[in-house]
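Each chain, written out:
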Amino acid sequence: MTRWARLIVLRVGCLLGVLVVVFATVALLPGGGAGAVLGRDASPAQVAAYESAMGIDRPLPIRFWSWLSGLSHGDLGASVRGGSINDMLSAKFPNTFLLGGIALIVTAAAATIVGSWWFLHPSGPARLLGPGTTAAVAVPEFVVATVLVFVFALGLGWLPAVTVVDAGGVVVDGRSLVLPVLALAIPQAAWNIRVTRAALEEAAQLPHVHAAELDGLTPRHILVRHVLPIAAPTIASSLATSVGMLLGGAIVVEAVFNYPGIGSVLAGSVNDRDPAVVAAVVALAGIAITVVLILADLVRSWSVRGRL
């Protein structure tokens, strides 16, 4: 088995392990899916009949294998309420990916630009980036979101405090995305700025960089041609790990801004004790994160070895 085949098997195996844990945890929560759907007044006979009709009464391993088999064919199954999980998530997941994708672009741009500027100008105003980024990393996304709403929506009135959508749940006002994106991007951008600066400083210690300095090349030219390519694998790996943080933080941020993403679906499925829906959300997010991590590994391999 080649190195890349082993890496893919390892990534997929980790995702499978997470799905097993998530599915079992939600399924074993007290209350049961049928009771959550039918309500407290449902009789034991009604609960048993509903569980039999929906297949909830089957042993947990069989339920998981049935769901996993459907996943391999692109069928995420049915929720405990009888609706198609594919239809449920197809209306919400694109919105979450849009929010997380824009936040990732903002994070990458801020990390590269600000981290490079900090590297080139370590003294002066750049000294504030040390404590500033440390504080931003420590603040949770929901706190950042609350502060942004208080300042820019309630205080200054520049941006809407909630997301404006049409009847189909599609965002119709681009300004509604600004505050959610910033709430997600600020903590991750702060972390990646620190990683970028550290990676650039480490790369700048290499002999060929000192040789370029002795040749009289400008600091900016040395950064672009000699330092940044060496630091790229570390920066790419850091951004790849931020994908999971952005998707996880998006669920919290969506609740603050009433954003039509998977946050509401995930909260409702936990209340319904619906492991299939929770596992489907984790599977889609995990697949996205796995793909990004593999791409980061490709970038690292190409940068270090000159080949994939």
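The preceding data block contains the structure.
Described in the following lines is the structure provided in the data block.

Here is what the cut-offs are and how they apply
- Residues numbered from 1 in each chain as written.
- Predicted model: local features only at pLDDT ≥ 70, side-chain atom pairs only at ≥ 80, totals over all residues.
- Heavy atoms only, no water.
- Helix = DSSP H or I, 4+ residues; strand = E, 2+ residues; numbered from the N terminus.
- Buried < 20%, exposed > 50% of the residue type's maximum accessible area, 1.4 Å probe, protein only.
- Contact = heavy atoms within 4.5 Å.
- Areas by Shrake-Rupley, 256 points an atom, 1.4 Å probe, with all protein chains shown as cover.
- Patch = residues over 30% accessible without salt bridge, like charges linked within 9 Å, V, L, I, M, F, W, Y side chains within 5 Å.
- Salt bridge = Lys/Arg side-chain N within 4 Å of Asp/Glu carboxyl O.
- Phe/Tyr/Trp six-rings, centres within 6.5 Å; stacked < 30°, edge-to-face > 60°.
- Axes fitted to C-alpha atoms, helices over the stretch in contact; angles between N-to-C directions.
- Parallel < 35°, antiparallel > 145°, perpendicular 65-115°, else oblique.
- Nonpolar A, V, L, I, M, F, W, Y, C, P; charged D, E, K, R; others polar.
- Core = buried A, V, L, I, M, F, W, Y, C linked by side-chain atoms within 4.5 Å.
- 1 Å grid on protein atoms, 1.4 Å probe; cavity = no way out; pocket = protein on both sides within 12 Å on 5 of 7 lines; lining within 4 Å.
- Points joined across faces, edges and corners; volume = space filled by probe spheres on them.

**What to know about the overall build of the protein chain**
Broken down by element type, the protein chain carries 13 helices and 0 strands. Tracing the protein chain from N to C terminus, the helices and strands come up as α-α-α-α-α-α-α-α-α-α-α-α-α. Buried residues in the protein chain amount to 40% of all 308 residues. Within the protein chain, counting contacts between residues at least 6 apart in sequence, those at least 24 apart form 73% of the total. In the structure as shown, the protein chain presents an accessible area of about 15900 Å², 69% of it carried by carbon and sulfur atoms.

**Here we look at a nonpolar patch on the surface**
Taken together, the side chains of V139, F142, V143, V147, F150, V151, L154, L156, W158, V252 and V256 make up a nonpolar region of the molecular surface, amounting to roughly 980 Å² of accessible area. Contributions of two or more residues to the nonpolar patch are made by helix 8 (141-155) and helix 11 (219-257). Counting residues per element, the nonpolar patch draws most heavily on helix 8, at 6 residues. On the secondary structure map, F142 appears in helix 8.

**Overview of the pattern of salt bridges**
In total, this model carries 1 salt bridge according to the counting rule given. Of the charged contacts, one joins E201 and R197 as a salt bridge, the two residues approaching to 3.0 Å between their closest N and O atoms. Pair noted here: E201 and R197 are both in helix 9 (residues 178-203), with a separation of 4 residues, about one helical turn. When its relative accessible area of 22% is taken as the criterion, R197 is described as partly exposed.

**Considerations on the packing of aromatic side chains**
For any pair of aromatic rings, the description consists of the separation of the ring centres together with the inter-plane angle of the planes. In the structure shown here, the tally under the stated rule is 2 aromatic pairs. For the pair F93 and F97, a centre-to-centre distance of 4.8 Å together with 40 degrees between the ring planes defines the contact as tilted. Of this pair, F93 and F97 are both found in helix 6 (residues 93-120), 4 residues apart, which corresponds to roughly one turn of the helix. On the basis of relative accessible area, F93 is assigned to the buried category, the value being 4%. What makes F97 partly exposed here is its relative accessible area of 33%. Centroid distance F152 to W158: 6.0 Å. Interplanar angle 40 degrees. Geometry classified as tilted. Given the relative accessible area of 27%, F152 is considered partly exposed.

**Topic: the packing of helix 6 against helix 7 (residues 129-138)**
The description of two helices packed together rests on the angle between their axes and the distance between the axes. In contact at an axis separation of 12 Å, helix 6 and helix 7 are set at 150 degrees when each is read in the N-to-C sense. Between helix 6 and helix 7, the crossing angle belongs to the class labelled roughly antiparallel. Contacts between helix 6 and helix 7 pair V114, W117 and W118 from the former with L129, G130 and T133 from the latter. Residue composition of the contact of helix 6 with helix 7, by class: 4 nonpolar, 2 polar and no charged.

**With respect to the nonpolar core**
The biggest cluster of nonpolar side chains holds 23 residues, and the ones touching the most others in it are L19, W67, L71, I85 and L89. Every element with two or more residues in this core is listed here: helix 1 (3-27), helix 4 (60-72), helix 5 (85-90), helix 12 (262-271) and helix 13 (275-305). The contact partners of L89, leaving out residues within four places of it in the chain, are L76, P94, V265, A280, V281 and L284. With 19 residues, the next largest nonpolar core counts L148, V149, A183 and F257 among its residues.

**A look at the layout of surface pockets**
What the largest pocket holds in volume is close to 310 Å³. Around the largest pocket, the lining comprises 18 residues; the ones closest to its centre are M54, R58, W67, A78 and A276. Elements represented by at least two residues in the lining of the largest pocket include exactly helix 4 and helix 13. No other element matches helix 4, which puts 4 residues into the lining of the largest pocket.

**With respect to unusual backbone geometry**
You will see that N258, though not glycine, has its phi angle at about 55 degrees, which is positive. With respect to the helices and strands, N258 occurs in the loop between helix 11 and helix 12.

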